[in-house]
Amino acid sequence: MTHFARLTPDAAPPEHDAPAADRLVSGDPQFTTWNLEDRDGLFCGIWQSTPGAWRVAYDEWEYCHILSGHSVLRDDATGTAQTLRAGDSIVIRPGFTGIWEVIETTRKDYVIKV
């Protein structure tokens, strides 16, 4: 059994998706996800989205590192906005609600713990 996984898009087949219609705020964002790990409530991989905005609601922890692009994450509770660009890392806590807006196609690696 291998005890590590390399975080590269060619390590897993891409999955394609989009925000649910009731969460869409603007644009036509399209997601591509390369899920590299899915076990014991831990998920990790690489995610990419084209421009657009949608509502988010987190029930889980997520750590992500922005690899490329430009996004803005708006917090419903505080009204603040966090600009995310290549090199930025954030932790999103359970209970967070807001709007994720992709200004320029954004790619991130992520680790989610439910």
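Residues numbered from 1 in each chain as written. Predicted model: local features only at pLDDT ≥ 70, side-chain atom pairs only at ≥ 80, totals over all residues. Heavy atoms only, no water.

**Q** Please explain the pattern of salt bridges as it appears in this structure.
**A** Where side chains of opposite charge bring their charged atoms close, a pairing between them can arise. Scanning all chains against the criterion turns up four salt bridges. A salt bridge links arginine 55 to aspartate 76; the shortest N-O distance between them is 2.3 Å. Taken as a pair, arginine 55 in strand β5 (residues 52-57) and aspartate 76 in the loop between β6 (61-75) and β7 (81-85) lie far apart in primary sequence, 21 residues in all. The exposure class of arginine 55 is partly exposed, given its relative accessible area of 32%. The residue arginine 74 makes a salt bridge to glutamate 101 at a minimum N-O spacing of 2.8 Å. Of this pair, arginine 74 sits in strand β6 while glutamate 101 sits in strand β9 (residues 97-113), placing them 27 residues apart in sequence. Look at glutamate 101 and you get partly exposed, because its relative accessible area is 22%. (Salt bridge = Lys/Arg side-chain N within 4 Å of Asp/Glu carboxyl O. Helix = DSSP H or I, 4+ residues; strand = E, 2+ residues; numbered from the N terminus. Buried < 20%, exposed > 50% of the residue type's maximum accessible area, 1.4 Å probe, protein only.)

**Q** Hey, could you run me through the side chain of glutamate 62 in this one?
**A** Counting through the fold element by element, glutamate 62 comes out in strand β6. With relative accessibility at 4%, the residue glutamate 62 sits in the buried group. Within the local environment of glutamate 62, its side chain forms a polar contact with the side chain of lysine 108, the two groups lying 2.6 Å apart. Residues within four places of glutamate 62 in sequence aside, it is in contact with Ile90, Val91, Ile92, Lys108, Tyr110, Val111 and Ile112. (Polar contact = N/O pair within 3.5 Å; in protein donor to acceptor, adjacent residues only side chain to side chain. Contact = heavy atoms within 4.5 Å.)

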